[in-house]
Amino acid sequence: MSSTLTVSHLRKTYGPYVAVDDLSFEVPEGCVFGLLGPNGAGKSTTFKCMLGLARATAGSVLFGGKPLEPALFESIAYVPERSVLYDWMTVAEHVEMQRRAFTSFDPKAAYELLAQFGIDPRKKARALSKGMKTATMVALAIARRAQTLILDEPTSGLDPINQRHVLNLIINESARGATVIFSSHQIGQVERAAESIAVIDRGRLALEGAVDDLKAGRKIVEAIFPSETYALDGVSGDSRVARLDRTGRIVRALVTSDAGEFVTRLEALGGSGVRIVDLNLEDIFLYAVAPSDATADVVGGASK
Ligand code: ATP
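Residues numbered from 1 in each chain as written. Predicted model: local features only at pLDDT ≥ 70, side-chain atom pairs only at ≥ 80, totals over all residues. Heavy atoms only, no water.

Draft legend 1. Representation of the sheet that holds strand 8 (residues 179-183) within the structure. Spatial ordering of the open sheet is given by 6-7-8-3-9-10, a layout of six strands whose pairing is mixed. At either end of the open sheet lies a strand with only one pairing partner, and these are strand 6 (76-79) and strand 10 (204-210). Ignoring which end each strand starts from, the neighbouring axes of this sheet average 15° apart. Seen against the sheet, helix 5 (residues 160-175) touches strand 3 (32-36), strand 7 (148-152) and strand 8 and runs at an angle of roughly 150° to strand 8. (Pairing = 2+ DSSP bridges. Helix = DSSP H or I, 4+ residues; strand = E, 2+ residues; numbered from the N terminus. Axes fitted to C-alpha atoms, helices over the stretch in contact; angles between N-to-C directions. Contact = heavy atoms within 4.5 Å.)

Written out as structure tokens, the structure is:
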């Protein structure tokens, strides 16, 4: 698969503050790619640098191997995090503006999409709710029939039905060959739509890969210990354990292989109700950005 989008060593500083730091990832052509990260991680800044709306301090962004140039704007649709609709214009006037600006824009598709979202095109943008503004921007972007869609929180403020609809539209766009990169704090939505993800944390890449690959072979093993004082002899040093979290009597270990054998080990140490849990994207995200609760082998004062 050729790579549509290549972000290499991207860096963006605001004065002394580093918003994006040596960020590199690739988005294959036709892929739905989720950009995840805590508040302030640098997702919007990354999108703005990709589109030349913020000047990167260093690094490069290539679309199909080429740097961003005016001719490429026709093939890229962008939905920013905040509304860029003109308050004094109606939705229909926005449709007309897009028709004039982009040759591939399909006004009929735009009106159909707006109707699906329940948006009256006669309304002025200032009369739209937050969610309706987001839906309008998504409808206008989808109707562009663009090769690349960059969507910054495209489900923000939408009700669950419209959120689901946006996800379906994203999947449809990819099915027709478009590349979609989107951010969302709704990790379940990203899991549903995205084939690959990058997690950024404080401007830096924390994790990247195909969702299936990130889950493959990894399991969570959970156990309950009889009291809050217990020893986990050498468990955190076990090469299968990528992470160990303990909350009171409950131990949760992220294991990268041999989950069944690891169950036996925890049972031998006194754990009960030991079970293997499949990893979901939320676990992967939290493991990437949240520090481990416990790294020592001992909790509650027992010795190793
Ligand atoms: P959220 O999920 O909350 O939308 P984000 O991951 O999109 O966050 P960004 O909006 O990219 O995060 O912001 C990254 C960091 O850069 C934040 O600390 C933010 O305060 C800072 N930042 C963004 N724009 C500017 C600016 N114009 N001037 C100074 N700092 C900025």
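Draft legend 2. Highlighting the pattern of salt bridges. On inspection of all chains with the given rule, the structure shows 18 salt bridges. The shortest N-O distance in the salt bridge between lysine 108 and glutamate 112 comes to 3.3 Å. With a gap of four residues between them, lysine 108 and glutamate 112 both fall in helix 3 (residues 107-116), about one helical turn apart. On the accessibility criterion, lysine 108 (60% relative accessible area) is exposed. When its relative accessible area of 40% is taken as the criterion, glutamate 112 is described as partly exposed. In this structure, glutamate 222 and arginine 275 form a salt bridge, with 3.0 Å as the shortest nitrogen-oxygen distance. (Salt bridge = Lys/Arg side-chain N within 4 Å of Asp/Glu carboxyl O. Buried < 20%, exposed > 50% of the residue type's maximum accessible area, 1.4 Å probe, protein only.)

Draft legend 3. How the structure looks around helix 9 (residues 281-289). Every buried residue belonging to helix 9 is among Leu281, Asp283, Ile284, Phe285, Tyr287 and Val289, and all of these are buried. A distance of 3.1 Å separates the backbone nitrogen of glutamate 282 from a side-chain oxygen at the start of helix 9, and that oxygen is part of asparagine 280. (Polar contact = N/O pair within 3.5 Å; in protein donor to acceptor, adjacent residues only side chain to side chain.)

Draft legend 4. Summary view of the domain arrangement of the chain. Split into domains, the chain comes out as domain 1 (3-214) and domain 2 (217-289). Look at where the C-alpha atoms of domain 1 and domain 2 centre, and you get two points 37 Å apart. Across the contact, 13 residues belong to domain 1 and nine residues belong to domain 2. Between domain 1 and domain 2 the total buried area reaches about 930 Å² when both faces are included, carbon and sulfur atoms providing 79% of it. Sorting the residues of domain 1 by area buried against domain 2 places Ile187, Glu191 and Leu214 first, and these three jointly supply 47% of that buried surface. (Domains from an automatic or database assignment. Buried area = accessible area lost by both parts, 1.4 Å probe.)

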